[in-house]
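Close look at the chain arrangement
Listed here are the chains, written in short residue letters.
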Amino acid sequence: MTSTAEPVTGRAEQPEAKAPEPMISVSGLRKSYAVKHKRKTTSVEAVRGIDLSVFPGEIFGFLGPNGAGKTTTLRMLATLITPDDGTAVIAGADLRRRPAEVRRRIGYVAQGGGTVDEVTAREELVLQARMYGFGRAEAERRAEAALAAFDLSEYADRNCNTYSGGQRRRVDIALGVIHDPVVLFLDEPTASLDPQSRARMWDEVRRLRERGMTVFITTHYLEEADALCDRIAIIDHGEVVSLGTPDQLKREISGDVVSVGLAGPAEPAVALLSEMSYVTKVETPEGEDLRLYVSDAGTAIPQILRSLDAAGIEFDKIELQRPSLDDVFLAKTGRSLRES
Amino acid sequence: MTAVLGAPALPAQVANPMKFVRETWLVFQRQMLIVKRTPIRLVIGIAQPVAYLLLFAPLLKPALATVGARTTADAYRIYVPGLLVILVLLSALFAGFGLLAELRAGIIERARVTPVSRFALLLGRALSEVATLIGQALLITVLAIPFGLTVRIVPLLVAYVMLVLMGLLAASLSYGIALLVKNPAALGPLINTVAQPVALLSGVLLPLTLAPGWLRAVANWNPFYWATNGTRALFGGHLGDASVWKGLLLLLVLTVPAMWWSARLFSRRVR
C-alpha cells in the first residue's frame, strides 16, 4: 500500500483508517468468449483479470479504445453476463451470490439506450419504475420528478422516436436512475452526441453525483475522462494498464514540461538548470524554447524563476505544458488512443 | 477462488408467484400498448385470412362436398377453423423475429437490469402475441357469420382455448429457435421451411380425410393436425368428440415443456 491519503491503487485490501469502504470492489474479474471462425471455435479473452475499487461519490472512468473490454466489464458488474472468474461486491451485495440484490441497488444505461419508439418518455419511466416494484401512483410520481429533473417535461408525452439524440440520451439516463440507485453504470454516455449535448450530459452526471450516487462510466473520449472523472482506469486488451486521478496518471509517465524562452544564448541556462534537483531532463530543440522536464510544474516553476533570476539569465516567457491522457495511453500501450 | 454460484432452492416465479404474475402483466400491458400504437401490423396480419375468406368462399361448397359438406354453413364449419389455425400458427411462429429485434434495440436489456423475472419478460410477450391473434381470430369468426357460419357458444369457447394453446406453443418454439439462430436473416427462411409443411400437414385448408393413407400417416405425427381436427369438431358443435380432448391434451403436454425450454434459453443465452 502506498501511504498517500488518496486511494491511488485499485486494490484496497487493507484500507487505511481514513479511507472509506469501497462502493465497488472488483477482484480478478475475467470473461472469455467462444468465437467461431471457419468452423474452428477459438476462445477470445475479453477481460483478463480486472482489479479495482471505486469509492462512494466518485465519478470513475473506464478509458480505452473500442474492443478493450470496457462494455464487457460493465455488463458483468451490472449482472447482465456472468463472469468466468473473479468476484465483485457492489454497494454491499455480492455480484455472484446475490445478483437480484445488486440489481436493486444499481442503475445501468447501455450505450444504445433501450427506449421503444412507439411509446412516450413518461410511459417508459412509469414502466421502468413499476419493474422495480413500485406501485402505480409512486411510479407516476417518480416519472414526473425524473421528467422535471432531466428537463424533459416539455416532450414527456411525445413518442420516443421524435426525440433528438441528446433528449433520447437524457431519457435513457432518467430510466437508469428512476429507482434512485446507489451506483450508476453508464456505458459511453456521450457517444455520438454533439459537443453541446455532451457538455450538458457531463453536467447531468455531476448532478447525479451531488445526489449521492457513485457513477462508473466508460468512455473512449480523452476529454471526457479528463474533464468528468475523478479517477480513471485505462484499459487495453482486457487489462487495466494504469489507474489513478487524471493528474496522477499524467504525472506518472513523464511529469510536466516547462518551456522557457531565453533572451540570450542557451548554454548558461542549460548548465545552470541541469544541476537543479527538481529538473529531471533539459532539452534544447533547434530554434525553439528550452524544454525542462520536471516532476511537478506547480512547484518547479517558482524555483526555475528564482534560479534564472539569481544567475542573471534573461528570459522573455515561461510556459507550462502538461502531458495529455493520450500521452499516458501512448506510454502504457505503445499506441495513441486517437488513432485506434 | 471459491465456487460462489449458489443454486436457489426454487425458481423465483415459484418462490414468489404474485411478483411473477404482476411482472408478466406489466410486460403484457406494454406489448399490447405497442400493438395498439401500430395498427398497421394488425391490418397486415389479418389481410391474408380475410382475403382467403372472401376469395375462397365461392369454391367451398362443391370442394368440400366430398367430406360431407351439404350446405354452405357446413363448408364454413370445416374451412374457418382451418383458417384460424393457419393464422395463429404462422403468426405465432414468427414471434421470434420480434424478440430478436427487441434484443438488438436494447429494450430487453433495459428490463434485465431490473429485478424483474426473466420468465415474465418472455411469457408477457408470448401472451400479448396470443391475445393479438385471438382478437384477429374473433374478427374472422364474426366476418364468416354472414357467409353462413353458425356456431354454438360453449364449443366455440373451447375452440378458442385450443387456439390459445396453439399460439403459446408456436410462439415458445419460435422464441427458442430465434435464440438458437440469433440471426434474423437466417430465421426467416428457417421458420418458413418449418411452417409450410406443418401447416399443410395439419389439413388447415382442406381436411386430410381427402389425403392418401401415407399422407395421413405422416400427419398423425403432427400435433397441429390433432389440434386442427379438434378445432373443427368444436366448430361443428361436437364438444364430446374424441379429437377435442386428444387435441387439448396433446397441446398441453407440448406447450408446457416448450415454454420451459424457451425460458431456459432466454435466461441463459441472452447477453
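Right above here is the structure, for reference.
About the criteria used
Note that residues are indexed from 1 along each chain, following the sequence as it is written. Chains carry letters and ligands carry numbers; both start at the beginning, A for chains and 1 for ligands, and go up in the order they are written. Only residues with pLDDT of 70 or above have their local features reported here, since the model is predicted, and side-chain atom pairs are shown and tallied only from 80 upward, although totals for entire chains, interfaces and linings are computed over all residues. Secondary structure elements follow DSSP: runs of H or I no shorter than four residues count as helices, runs of E no shorter than two count as strands, and numbering proceeds from the N terminus. The size measure is the radius of gyration over C-alpha atoms, and the globule rule it meets is 2.2 Å times the number of residues to the 0.38 power. Residue pairs are scored as contacts if the distance between their C-beta atoms, which are placed from the backbone, is within 7 Å. Any two strands with at least two DSSP bridges between them are considered paired. All axes here are fitted lines through C-alpha atoms, helices being fitted over the stretch that makes contact, and every angle between N-to-C directions spans 0 to 180 degrees. Note that Gly is not counted as nonpolar here; it falls among the polar residues with everything else outside the nonpolar set of Ala, Val, Leu, Ile, Met, Phe, Trp, Tyr, Cys and Pro and the charged set of Asp, Glu, Lys and Arg. To assign burial, the other C-beta atoms lying within 10 Å of each residue's own C-beta are counted, with C-beta atoms placed from the backbone; 20 or more indicates buried, 12 or fewer indicates exposed, and intermediate counts indicate partly exposed. Directions are taken from the helix axis to each C-beta atom, and the arc is the one they span. Here the angle decides the label: under 35 degrees means roughly parallel, over 145 means roughly antiparallel, 65 to 115 means roughly perpendicular, and every other value means oblique. Each crossing is labelled by how the near helix is turned from the far one, with a counterclockwise turn of less than a right angle marking it left-handed and a clockwise turn marking it right-handed. Linking buried Ala, Val, Leu, Ile, Met, Phe, Trp, Tyr and Cys residues through C-beta atoms within 7 Å yields a set, and such a set is a nonpolar core.

Turning to the overall build of chain B, a few remarks are in order. Looking only at helices and strands, chain B has twelve helices and zero strands in total. From first element to last, N terminus to C terminus, chain B shows the α and β order α-α-α-α-α-α-α-α-α-α-α-α. Taking 2.2 N^0.38 as the reference for a compact globule, 271 residues should give roughly 18 Å; the C-alpha atoms of chain B span a radius of gyration of 20 Å, in line with that estimate. By its C-alpha atoms, chain B is 75 × 40 × 35 Å across when sized along the principal axes.

Turning our eyes to something else, we now look at the overall build of chain A. Secondary structure assignment for chain A yields eleven helices and 14 strands. Overall, the C-alpha framework of chain A stretches about 80 × 50 × 50 Å when taken along its three principal axes. Of all intrachain contacts in chain A linking residues separated by at least 6 positions in sequence, the fraction that spans at least 24 positions is 69%.

Bringing the sheet that holds strand β10 (residues 239–244) of chain A into the picture now. All names here are of chain A. Strand order in the open sheet made by the six strands is β6-β7-β8-β3-β9-β10, with mixed pairing throughout. Among the strands making up the open sheet, the edge pair consists of β6 (106–109) and β10. Adjacent strand axes in the sheet meet at a mean angle of 15° when their direction is disregarded. In this structure, strand β7 (residues 183–187) lies alongside strand β8 (residues 214–219), joined through five bridges in parallel fashion. Bridge pairing in β8 places Val183 opposite Thr214.

Listed per partner, the contact involves 22 residues of chain B and 25 residues of chain A. For the side of chain B that touches chain A, the secondary structure elements donating two or more residues are α2 (17–37) and α6 (107–112) of chain B. Of the residues assigned to the side of chain B that touches chain A, the class counts are twelve nonpolar, four polar and six charged.

Turning our eyes to something else, we now look at helix α5 (residues 95–104) of chain B. Residue and element names in this part refer to chain B. Among all positions in α5, only Ala95, Gly96, Leu99 and Glu102 are buried. For α5, the buried positions fall inside an angular range of 125° around the axis, keeping them on one side. Tucked into the core, α5 has its buried residues touching α4 (72–93), α6, α7 (118–144), α8 (153–181) and α9 (184–200). In the segment just after α5, Gly106 is the residue with positive phi, at about 80°.

Moving on to the packing of helix α3 (residues 121–131) of chain A against helix α4 (residues 136–149) of chain A. Residue and element names in this part refer to chain A. Contact pair α3 / α4: the axes reach a minimum separation of 8 Å and the direction vectors enclose 130°. Here α3 lies oblique to α4, going by the angle between them. By crossing handedness, the relation of α3 to α4 is classed as right-handed. In contact with Ala121, Arg122, Leu125, Val126, Ala129 and Arg130 of α3, α4 contributes Ala139, Glu140, Arg142, Ala143, Ala146 and Leu147. In terms of residue class, the contact of α3 with α4 is built from eight nonpolar, no polar and four charged.

A separate point is the nonpolar core. Counting residues in each nonpolar core, the largest one holds 150 residues, and the members touching the most others are Leu125, Ala174 and Phe185 of chain A together with Val88, Leu89 and Met166 of chain B. Broken down by element, this core gets its largest block of residues, 15 residues, from α4 of chain B. Apart from residues no more than four positions distant in its own chain, Val88 of chain B is found in contact with Leu133, Ala137, Leu163, Met166, Gly167 and Ala170 of chain B. Counting residues in each nonpolar core, the second largest holds eleven residues, with Leu273, Leu290, Leu292 and Ile304 of chain A among its members.

Residue and element names in this part refer to chain A. Pairing in this open sheet of four strands is antiparallel, and the strands run β2-β1-β4-β5 from one edge to the other. Only two strands of the sheet have a single neighbouring strand rather than two, namely β2 (40–54) and β5 (93–94). Along the sheet face, helix α1 (residues 70–77) touches β1 (24–37), β2 and β4 (85–90) and points at about 120° away from the line of β1.

All right, on to unusual backbone geometry then. All names here are of chain A. The phi torsion at Thr79 lies on the positive side, around 70°, for a residue other than glycine. Within the secondary structure, Thr79 is located in the loop between α1 and β4. Its 23 C-beta neighbours within 10 Å are what place Thr79 among the buried residues. A positive phi is found at Glu188, a non-glycine position, where the angle reads about 45°. As for its position among the elements, Glu188 is in the loop between β7 and α6 (195–210).

Our next topic: the packing of α4 of chain B against helix α11 (residues 223–235) of chain B. Packed helices, taken two at a time, are described by their axes: the angle between them and the distance between them. Residue and element names in this part refer to chain B. Viewed as axis vectors pointing N to C, α4 and α11 meet at an angle of 135°, and their least axial separation amounts to 9 Å. Taken together, α4 and α11 sit at an angle that is classed as oblique. The two elements α4 and α11 cross, and the hand of that crossing is right-handed. Contacts between α4 and α11 involve Arg77, Ile78, Val80, Pro81, Gly82, Leu84, Val85 and Leu89 from the first element and Phe224, Ala227, Thr228, Thr231, Arg232 and Phe235 from the second. Split into classes, the residues belonging to the contact of α4 with α11 amount to nine nonpolar, three polar and two charged.

This brings us to the pairing of β7 of chain A. Residue and element names in this part refer to chain A. For β7, a buried count of five out of five residues is recorded, marking the element as mostly surrounded by other parts of the structure. Alternating positions in β7 separate into two faces, Val183, Phe185 and Asp187 on one and Leu184 and Leu186 on the other, with burial throughout. Bridge count for β6 against β7 is four bridges, and the pairing is parallel. From the neighbouring strand, Tyr108 faces β7, where its bridge partner is Phe185.

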